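# Observations on the three-dimensional arrangement
The chain contents come next:
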Amino acid sequence: MKPVKMNGFVYYFEVFMTGNEPFILMSTTEHPSEGLSKIYFLRKYSMKYAMEDFVRYEANVKIRNTQQENEVR
């Protein structure tokens, strides 16, 4: 996977083709199974949108996990 730096954090991405559908796999770690990852179909979304949305997605997941941890306490 290729690293890209956004907002001071390093994210990883890989672009794949299946049939005529290009898509991008975004991840917080070099190995997607170890961290947060999401797939975007590039026919529907631009690469820039996919990267910006993934950063928002990661922030939302962190907020949700923090709220759940606070509820457990």
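Residues numbered from 1 in each chain as written. Predicted model: local features only at pLDDT ≥ 70, side-chain atom pairs only at ≥ 80, totals over all residues. Heavy atoms only, no water.

For the structure on display, the rule yields four aromatic pairs. For the pair Phe16 and Phe23, a centre-to-centre distance of 5.4 Å together with 25° between the ring planes defines the contact as stacked. The class of Phe16 is partly exposed, set by a relative accessible area of 35%. Classification of Phe23 as buried rests on a relative accessible area of 13%. Summarising the aromatic geometry, the rings of Phe54 and Tyr57 are spaced 6.2 Å apart at their centres and angled 40° between planes, so their arrangement reads as tilted. Here the residue Phe54 and the residue Tyr57 both occupy positions in helix α1 (residues 47-72), the gap between them amounting to three residues, near one helical turn. Among the aromatic residues, those joined into a ring-pair cluster are Tyr11, Phe54 and Tyr57. The side chain of Lys38 reaches across the aromatic face of Tyr57, ending 4.4 Å from its centre. (Phe/Tyr/Trp six-rings, centres within 6.5 Å; stacked < 30°, edge-to-face > 60°. Buried < 20%, exposed > 50% of the residue type's maximum accessible area, 1.4 Å probe, protein only. Helix = DSSP H or I, 4+ residues; strand = E, 2+ residues; numbered from the N terminus. Lys NZ or Arg CZ within 6 Å of the ring centre and 35° of its normal.)

Once that is clear, we can look at the nonpolar core. Across soluble globular proteins, nonpolar side chains have a tendency to be buried as a group. Judged by nonpolar contacts, Val4, Met6, Tyr11, Phe13, Ile24, Met26, Tyr40, Ala50, Met51, Phe54 and Val55 together constitute the single largest core of eleven residues. For this core, the elements supplying multiple residues, two or more each, are β1 (2-6), β2 (9-18), β3 (21-27) and α1. When sequence neighbours within four positions are dropped, the list of residues in contact with Ala50 reads Ile24 and Tyr40. (Core = buried A, V, L, I, M, F, W, Y, C linked by side-chain atoms within 4.5 Å. Contact = heavy atoms within 4.5 Å.)

Taken as a whole and judged by the stated rule, the model has six salt bridges. In the salt-bridge network here, residues are joined through shared partners; they are Lys38, Asp53 and Arg56. (Salt bridge = Lys/Arg side-chain N within 4 Å of Asp/Glu carboxyl O.)

Inspection of the secondary structure assignment puts Phe16 in strand β2. Considering only alpha carbons, one finds Phe16 and Ile63, 47 residues apart in sequence, at a separation of 30 Å. Those residues in contact with Phe16 that lie beyond four places of it in its chain are Glu21, Pro22, Phe23 and Leu25.

Read these as layout, nothing more, since geometry by itself doesn't imply function.
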